[in-house]
Amino acid sequence: MRTPGNPPRTRIPKVVVVNSALAGCVWLVWALVWGPRFLDILQANWPVALTMVFGSLIGGGTSEGGGAVSFPVMTKLLHVPADEARVFTFAIQSVGMTAASISILACRVPIERRVVVYGSAAGVVGVFVSAVYLAPLVPLPMVRVLFTMLLVALAVALLLQLFQRGYRRNPTIPEWTARERALVIGTGFAGGLLSGVAGVGENCVMFLLLVLLFRVSEKVSTPTTVIMMTVVSLAAFATHVFVIGDFTGAVVDYWVAASPVVAVGAPLGAWICTRLTPFTIRVILFALIGSELASTLLFVPFTPLLTALSLTTLAVFTTLCVAFIRTSRYAAGGHAPREVGDVRTPQRSGAP
């Protein structure tokens with residue numbers, strides 16, 4: 001009990017303690033393992049570390065993943081070979097998004113745990129199959145274009161959903177039957193396949209299902225997909241290290257230089273996401289998707305075949321996304337819950 005005249009104690013927020021501890025652990029390990037050599041590695045690869053300042057914030061705080069920033073910047077601006085940039089994406093997300101996920105769980109940020117369990121398990125299978133068997137066969141420009149078209153379709157659907165009459169957000173998936181479980185598993189596997197060739201994708205694909213079809217709030221969907229992408233990135237990283245064996249050379253130096261940065265940025269991004277409204281999260285996604293589309297149009301060499309494929313893909317994805325938002329099965333109906341903050345919770349019986 002505070003005595004008169006003594007100032008009240010200032011309590012340090014839990015998120016600050018958790019995130020500081022996470023960053024401190026990474027920095028301590030890096031200091032013990034690499035010592036003074038770390039400064040030389042950082043000096044030689046500082047553009048990569050600078051890139052991940054922004055990439056880690058986006059990776060921890062949105063459904064896009066840090067690879068959505070690192071991959072195009074490294075391949076187009078830093079002239080890193082695409083296969084190296086993809087391996088680096090998995091490696092760096094294994095540090096940054098793991099830190100973000102620990103922060104999310106430790107601070108008890110609301111997530112859809114059923115989606116994490118079933119979707120992540122399917123995603124691990126998908127990313128292994130994709131990294132080992134599909135990635136060597138699929139041209140990377142095609143992958144980037146298909147991923148961009150998926151994001152553009154998502155943006156169109158999110159914009160239309162804002163103007164949907166009677167649209168309400170759910171705190172969790174309203175129904176959980178074999179149908180919903182199958183949808184989550186199938187989407188998780190598809191996201192894993194995309195992630196294996198593009199470096200990202202699991203979080204975007206599952207975000208699409210959660211927000212557009214199941215109407216789950218962005219404040220719940222985003223941290224859910226961050227944790228899922230963490231699990232998939234760890235599985236992909238392990239696959240590249242122990243099965244494919246291409247985590248070597250310059251990629252290791254990129255990873256060493258950027259890891260202490262993402263250990264701070266990704267948990268910070270996850271915390272920032274909890275302070276934003278669902279509408280603000282959407283606006284940020286619109287801006288990120290717009291920059292993704294611009295970079296794809298500027299840097300990817302479009303052939304007539306690739307142009308036709310991209311337009312067809314955009315039409316298919318947009319049709320699917322619009323079908324999702326027009327489905328009323330998971331919309332809050334006559335027993336519409338009352339909104340608390342930005343997430344809706346059920347009313348008590350007899351509440352006005």
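Remember, predicted model here, so these are calculated numbers, not experimental data.

J.: Looking at this structure, I do not really get the side chain of T225. What am I missing?
T.: Structurally, T225 is set in helix α10 (residues 218-244). Side-chain polar atoms of T225 contact the backbone oxygen of T222, separated by 2.9 Å.

J.: Even after reading the chapter, I still don't get the environment of L77, so can you show me in this structure?
T.: Position of L77 relative to the elements: it lies in helix α4 (residues 67-77). Discounting chain neighbours no more than four positions away, the residues touching L77 are P72 and F299.

J.: Any chance you could explain the pattern of salt bridges here in plain terms?
T.: A side chain of one charge can pair with a side chain of the opposite charge if their charged atoms are brought near each other. Across all of its chains, the model carries 6 salt bridges by this definition. A salt bridge links E112 to R114, with the shortest nitrogen-to-oxygen separation between them at 2.5 Å. According to the relative accessible area criterion, R114 is partly exposed, its value standing at 29%. Linking E218 and R282 is a salt bridge whose minimum nitrogen-to-oxygen distance equals 2.2 Å. In this pair, E218 is assigned in helix α10 and R282 in helix α12 (residues 278-299), connecting sequence segments 64 residues apart.

J.: How do you make sense of the environment of A153 when you look at a structure like this?
T.: Mapping A153 onto the fold places it in helix α7 (residues 140-162). Apart from the residues lying within four places of it in its own chain, the contact partners of A153 are L314, F317, T318 and C321.

J.: I tried to follow the nonpolar core on my own but got confused; where do I start?
T.: Nonpolar side chains in soluble globular proteins tend to be buried together. Counting 84 residues, the largest nonpolar core has F88, L212, F214 and W255 as its most contacted members. Apart from the residues within four sequence positions on either side, W255 is in contact with W30, W34, F88, A91, I92, V95 and F247.

J.: What exactly am I supposed to notice about unusual backbone geometry here?
T.: Trans is the prevailing form of peptide bonds, just as negative phi is the prevailing case for residues other than glycine. We note that H79 has phi near 60°; this positive angle belongs to a residue other than glycine. The residue H79 is located in the loop between α4 and α5 (82-106) in this model. Owing to a relative accessible area of 64%, H79 belongs among the exposed residues under this scheme. With phi around 55°, R108 is a residue other than glycine that occupies positive phi space. Looking at the secondary structure, you find R108 in the loop between α5 and α6 (113-134).

Here is what the cut-offs are and how they apply
Residues numbered from 1 in each chain as written. Predicted model: local features only at pLDDT ≥ 70, side-chain atom pairs only at ≥ 80, totals over all residues. Heavy atoms only, no water. Helix = DSSP H or I, 4+ residues; strand = E, 2+ residues; numbered from the N terminus. Polar contact = N/O pair within 3.5 Å; in protein donor to acceptor, adjacent residues only side chain to side chain. Contact = heavy atoms within 4.5 Å. Salt bridge = Lys/Arg side-chain N within 4 Å of Asp/Glu carboxyl O. Buried < 20%, exposed > 50% of the residue type's maximum accessible area, 1.4 Å probe, protein only. Core = buried A, V, L, I, M, F, W, Y, C linked by side-chain atoms within 4.5 Å.

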